[in-house]
Amino acid sequence: MSLRALIARALPAGLLLAAGVFASGAVLAAADLKSLHHSREIERCATCHTRTDFSRIDLTRGCSTCHEDGERGGPLKPLAGAKSADPELADGDTLGLEGEMYYEGTRFGAAPGPMVRIPAGDFRMGSNDRLSDEGPEHTVHLDAYLIDKYEVTNLQYQAFIEATGRRAPDDFEDRAAPRGKADHPVTFVNWFDARDYCAWAGKRLPTEQEWEKAARGTDARIFPWGDEFNIRAANTPVRWARLGREGDTTPVGAFRAGASPYGLADMSGNVWEWTASWYLPHPGNTTKSENFGEIYKVLKGGSWWDCSFYKCGISAPTFNRSFFNARVKNSSFGFRCASDAEGGQ
């Protein structure tokens, strides 16, 4: 089943019809999408997508508005292997979430989180099967490095703002992590916030290449867990729609079935993750785009909420790329850190 067919089956028809698709992943905030997004984020799309000409959008044409001329990557192709059984939900079925979603206290603590060593070597990056900015598939060699096993949590970020006096994220209460969400990934952080937290913790942001290798390993898999979409493996909008509930972040590491080949958690879903990299074409990519260059920063991994651009295809694949102005922050953007490994080989 194609990715688009999967989503059409999983999401309410009204949501799909209401979604308008824009260049560069930009979208029109339709009324029917409000239940999937925190009310503080229902803003004009231009807040985030500053270079999109919204006057030219024809909502009746949907995806073809942006994709017929290749502006966001050309005609869309279904993603091979993206299929998942339509689950029969029993009472209490959490669709993969292990443990409580909200709880008092913390299981991870306030100190910077544990890291995983990614060995030196080659891996296959990108894809030839979907949007053209994701291709061509190519080989990248990386020295060994370390990357956080989990996304940075609210409580860990709280320790940072307490130590530095930095401004708290918008959803914090009296400069403290939202109640019951100490172990959820921190959100409402822009690229500079993410960079500075990592530096304070003695780390740095991962490059796009480092992030993708940590997510997919060396076998060029589509998702961190394999080549078939699994609704029980990640905190994604498809899962929330199937549950019929308003979405939100979940505690880090709550979907063990979604671990990457190196054991990293939440490399698909939960929150988009800032990387150190500018949004540049992959080597060998001949697509012409005014968005390429030292303009936008790349985010990876998808999140619990997708803008309507992704009615064309979910954001969970490891090779998916999003790009935003470094000052943008919202309830679906977070990060994890990386660092160089001793010896590098």
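See the structure shown above.
So, here's what we can say about the structure.

With 23 residues, the main nonpolar core has Tyr157, Val186, Tyr197, Trp274, Phe333 and Phe335 as its most contacted residues. For this core, the secondary-structure elements that each account for two or more residues are helix H4 (154–164), helix H5 (191–200) and strand S7 (272–278). For this core, the leading source of residues is H5, giving four residues. If we ignore the near neighbours within four places in the chain, the residues touching Phe333 are Val186, Thr187, Phe188, Val189, Val271, Trp272, Trp274, Leu299, Phe324 and Val328. Judged by nonpolar contacts, the second largest core, of 21 residues, contains Met101, Phe223, Trp240 and Ala254.

Our next topic: the sheet that holds strand S10 (residues 333–334). Strand pairing in a sheet takes place through backbone hydrogen bonds and is either antiparallel or parallel in direction. With mixed pairing, four strands are arranged side by side in an open sheet as S9-S8-S7-S10. For this open sheet the edge positions go to strand S9 (322–324) and S10, each flanked by a neighbour on one side alone. Of the pairings in the sheet, the one linking strand S8 (residues 297–300) to S9 comprises three bridges and is antiparallel in character. Bridge pairing in S9 links Val298 to Phe323. Here helix H6 (residues 208–216) sits on the sheet and contacts S7 and S8; the angle it forms with S7, its principal contact strand, is near 135°.

Another point: the environment of Phe255. Locating Phe255 in the fold gives a position in the loop between helix H7 (237–243) and S7. In the structure, Phe255 is positioned 11 residues away from Asp266 in sequence and 7.3 Å away in space, judged by C-alpha atoms. Apart from the residues lying within four places of it in its own chain, the contact partners of Phe255 are Leu95, Gly96, Leu97, Arg232, Ala233, Ala234, Asn235, Arg239, Thr250 and Asp266.

Our focus in this paragraph is the sheet that holds strand S11 (residues 338–340). Taken together, the three strands give an open sheet; going across it, the order is S3-S6-S11, and neighbouring strands pair in antiparallel fashion. Two strands in the sheet have a free side with no partner beyond their single neighbour: strand S3 (115–118) and S11. Pairwise comparison of adjacent strand axes, ignoring direction, gives a mean angle of 25° for this sheet. In the packing of H6 onto the sheet, contacts are made with S3, strand S6 (145–148) and S11, and the angle to S6 comes to roughly 75°.

A separate point is the packing of aromatic side chains. Inspection of every chain in the model, using the stated rule, returns 17 aromatic pairs. Every member of this aromatic cluster is reached through a ring pair, and the members are Tyr157, Phe160, Tyr197, Trp200 and Phe335. We note Arg107 situated over the ring of Tyr103; from NZ or CZ to the ring centre the distance is 4.0 Å. Stacked on the ring of Trp278, the Lys or Arg Lys297 has its end atom at 3.7 Å from the ring centre.

The next thing to look at is the pairing of strand S5 (residues 138–142). Here S5 shows a clear split, with His138, Val140 and Leu142 buried on one side and none of Thr139 and His141 buried on the other. Strand direction decides the pairing type here: strand S4 (residues 121–125) and S5, joined by five bridges, are antiparallel. Across the sheet, Arg124 pairs through a bridge with Thr139, a residue of S5.

Calculation rules
Residues numbered from 1 in each chain as written. Predicted model: local features only at pLDDT ≥ 70, side-chain atom pairs only at ≥ 80, totals over all residues. Heavy atoms only, no water. Core = buried A, V, L, I, M, F, W, Y, C linked by side-chain atoms within 4.5 Å. Buried < 20%, exposed > 50% of the residue type's maximum accessible area, 1.4 Å probe, protein only. Helix = DSSP H or I, 4+ residues; strand = E, 2+ residues; numbered from the N terminus. Contact = heavy atoms within 4.5 Å. Pairing = 2+ DSSP bridges. Axes fitted to C-alpha atoms, helices over the stretch in contact; angles between N-to-C directions. Phe/Tyr/Trp six-rings, centres within 6.5 Å; stacked < 30°, edge-to-face > 60°. Lys NZ or Arg CZ within 6 Å of the ring centre and 35° of its normal.

Keep in mind these values describe shape, not function.
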